[in-house]
Every structure is written in C-alpha cells, then in structure tokens.
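Coordinate analysis (summary)
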Amino acid sequence: IELTAGSFTYTMGNGLLIDLYERQDIQIDHHCDGALFKFHTGPLALSGFNAIARWDDNSIVRGISPQISIWNFRVGGEYAKIIPRLSPAQELVGGFFAFDMDFLSLYYEIGSKHPLAGLQKDGQGMYGSASIFTDWVSIMIEYKDYDQFAIRNTYMQYNNPPTLIMEPLYTLPSRHLRELNLADEIGYSTNVMSYFGPIGIEILYSYAQEHQGENKFSQIWSEMEYHNNDETLVAKLALDIQFDKQEKYYTPIVDITYEPDWTNFAFNIIGEYQRAEDYNNAFGSIAVSHPKIATFGLEGGIISSEEDKHYIRAYSDMDISSRAKVRLGIGKRPGGFTCSGGVCRYEEKFEGVEAGIILTY
C-alpha cells in the first residue's frame, strides 16, 4: 500500500483519459495537489486519487483504476471525474488490455467522455498498438481514432493520447507542425528500427485524416545513426518528408556530436535544409557543453518565406540545480514549436537580449 499526500503526477493507462504530466523542457507542469493511493497484492492492483488542479483554476479531478495481471496479460478499467469551477463537470470511462512477451507486445485502450450538463458533445477515443522484437529489428504498428475527445478542452487538457506523428526534434521541421486534432482524427503509423553493428536505422511512416477524409497528412521519417566503439562520436543523417494538405516539405538533417577523451566537453554540430514548393530554409548550430553544468552555442539560418530572412543568435543554458536553469540569449531567433512527449508549446520570434530563470518544483 502506498499513500501520497501533496503534489503528484498521475497517468491512467497510456494517457488516453488522464495524464497529469510534467514537461520541464517546455515549461508545462500539470501536477495536482491532493491525495494519491496505490494498492497491490498478487495479480490485483488498484490506484486512485482526489486532487485540485491549480493550473486549471482549482478544478477538482478524481479517479480510480483497477487492474488484473495474469501471466502476460493485463486488463484494467478507468473512471475519472473533472469538476471545473465555472463549467460543467465531465465523466470519463475507459479500459485497456495488454499482452507482453519478450518478442511481442499488444496494447488496446478505449475511452469515452461525457459532459454531465449536456452543453458539450460526448467524445470517444481509441488507441491500439502491436510491437514485434527480434535481435536485429523491431516493428511497431499503431492506430488511433479520436472524436470530440479533448478533456476538458484544448486549452486546459487533462489527457495526452498518442499522436502517432514524429515530434519535430529539429528546428526546421518544427516550423510546420501538424497538431493532433482530438475533435476529429483517425490515423495509423508504422515504425521499423534495426541495428547493424555500430549503425542504427529507423524508418517511420504515419498517416492521419479527419473521419470524412479531409485534411490528409502523411509523413516519412528516415534516420541513420552511427556510434563508434568508445561512444565518443555519434553521427546522424535524417530525412523528414511531410505532405500536409497541398503543402510538401523535404528536410535533410545532419547531426554530429563528438566527446573526445582528452576533455570533459562535448561538441555538437547540426545542419538542416528545408525545401518547399515556394521557398527554401536553412539552419545551422554549433554548441559546446559540459554534462549537467552548461551549454554554450551559436545558431543561425535563413527563413526565405519571411520578410526578414536572416537570423543569428548566441545562447547559453546553465543548470544551477536539477530544478533550476538559467537561460541567456542575444540576437535573433525565428518562432516555432518546441515539443516533448507529444506536448508542444509555441515560441514567438524574438530579437534582442533575453534572460530567464526556469524553476520546476
């Protein structure tokens, strides 16, 4: 038996119904304050919570999730209720099934949202995945179907279901982010990863559209990664291809990190180029970092689709502690999304000197 009183995060299943998450790197904190319990005996497990979401105007959120595990099977149920201060409460009901072995993993989760006052539409969500693992290759297939499934709305959202779309890990792909549409989206993805000695290869294909076939999106992400024997050199070559409605984006990327034995510093060089029908973009950065202490870098590029095309910026990130970071910058940077764990935050373009202290508690 585990009892917690205070501030905590909590995830039901795969985050389809409830995901009280924290993403330090993009400054999103969905901790809740209250009581959390977990009980486990033999094949039975039970967890639940009752708390206040201070980031949502002190809304009350509570839930319970029983689970049974027999051999390699797991079956669980989910119930939650969200009670905002100035809008109707919402009830959430769902369940999940999982099967796990060394070479095979299956997962299926379904949920529904029911606004109690009837002023909003009911919502449904479903996610399924199948993974196969061998010594040299892993294959993962995923499927999603979300309909009116933002809980409780797109601004104060309690769930964080899988997007099945590659996060924009680099600067130029983040300028054309395809956002998950929880109100009307259906899609799938296939991911293949393989290793041949020091070389790893990943290929991802994802597809999404509305239920009526509108707003189609497809993406191909391919990456080859090389590690030398002593892990002091990591070199990546990647290609991101996106087809979003009538727009097409092709983005090749080079990313090299070198940590020589004769120093405690790491050196990183990134080059990106993006080709679209009406314009070309380019981005490059060079950075020097000391693990868990600080990073200093210089970045710049060309955004040909904007009137003020050129930009360059010097920056530093200094980790004062595990919960405190000082961020400094001077110059010009373009706007764009930064993402972590399926959650994204948009940063406006900026020119000048900026200083910030990021505290996470």
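Notes on the structure follow. Along each chain, residue indices are assigned from 1 in the same order as the chain's sequence is written. Totals for whole chains, interfaces and linings use every residue, but because this is a predicted model, local features are given only for residues with pLDDT of at least 70 and side-chain atom pairs only at 80 or more, for both listing and counting. Side-chain metrics rest on all non-hydrogen atoms present in the structure, leaving aside hydrogens and water.

A closer look at the side chain of E299
Just so we agree on the cut-off: Where helices and strands are cited, they refer to DSSP runs of H or I of at least four residues and of E of at least two residues respectively, numbered from the N terminus. Only protein chains enter the calculation, and the probe is 1.4 Å; a residue is then buried if its accessible area is under 20% of its type maximum, exposed if over 50%, and partly exposed in between. The contact definition used throughout considers only heavy atoms, calling two residues in contact when any of these lie within 4.5 Å.
Locating E299 in the fold gives a position in strand β21 (residues 294–303). By relative accessible area, E299 is classed as buried at 15%. If sequence neighbours within four positions are ignored, E299 has contacts with F283, G284, S285, Y311, I312, R313 and Y315.

A look at the packing of aromatic side chains
Put simply, the test is: Here the aromatic set is Phe, Tyr and Trp, taking the six-membered ring for Trp, and pairing holds for ring centres within 6.5 Å; pairs whose planes are under 30 degrees apart are stacked, those over 60 apart are edge-to-face, and all others are tilted.
Counted under the stated rule, the structure contains 15 aromatic pairs. Here the aromatic rings of W55 and Y158 are separated by 4.8 Å at their centres, their planes lie at 45 degrees, and the arrangement is tilted. One end of the pair, W55, is in the loop between β7 (44–53) and β8 (59–70); the other, Y158, is in the loop between β13 (137–147) and β14 (184–196), with 103 residues separating them in the sequence. When sorted by exposure, W55 lands in the same class as Y158, which is buried. Ring geometry for Y170 versus W221: centroids 6.5 Å apart, planes at 15 degrees, classification stacked. One end of the pair, Y170, is in the loop between β13 and β14; the other, W221, is in strand β16 (residues 217–227), with 51 residues separating them in the sequence. Residue Y170 is classed as buried on the basis of its relative accessible area of 11%. A residue is classified by how much of its surface remains accessible, and W221, at 2% relative accessible area, is buried.

Thoughts on unusual backbone geometry
Across the junction of I151 and R152, the peptide omega takes the value 0 degrees, indicating a cis bond. Following the sequence through the fold, R152 ends up in the loop between β13 and β14. Positive phi is not limited to glycine here, since N58 has a value of about 60 degrees. Note that N58 resides in the loop between β7 and β8.

Some thoughts on empty space enclosed by the protein
What counts, and what does not: Computed over the protein atoms alone on a 1 Å grid, cavities are sets of points where a 1.4 Å probe fits but cannot get out and pockets are open sets with protein on both sides within 12 Å along at least five of seven lines; a residue lines them when it has an atom within 4 Å of a point. Grid points are joined across faces, edges and corners, and a volume is the space filled by probe spheres set on the points.
One pass over the structure, following the stated rule, counts one cavity of 30 Å³ or more. Space inside the largest cavity adds up to approximately 80 Å³. What lines the largest cavity is a set of 14 residues, and nearest its centre among them are M166, E167, P168, Q219 and Q242. Counting residues per element, the ones that place at least two in the lining of the largest cavity are β16 and β17 (233–244).

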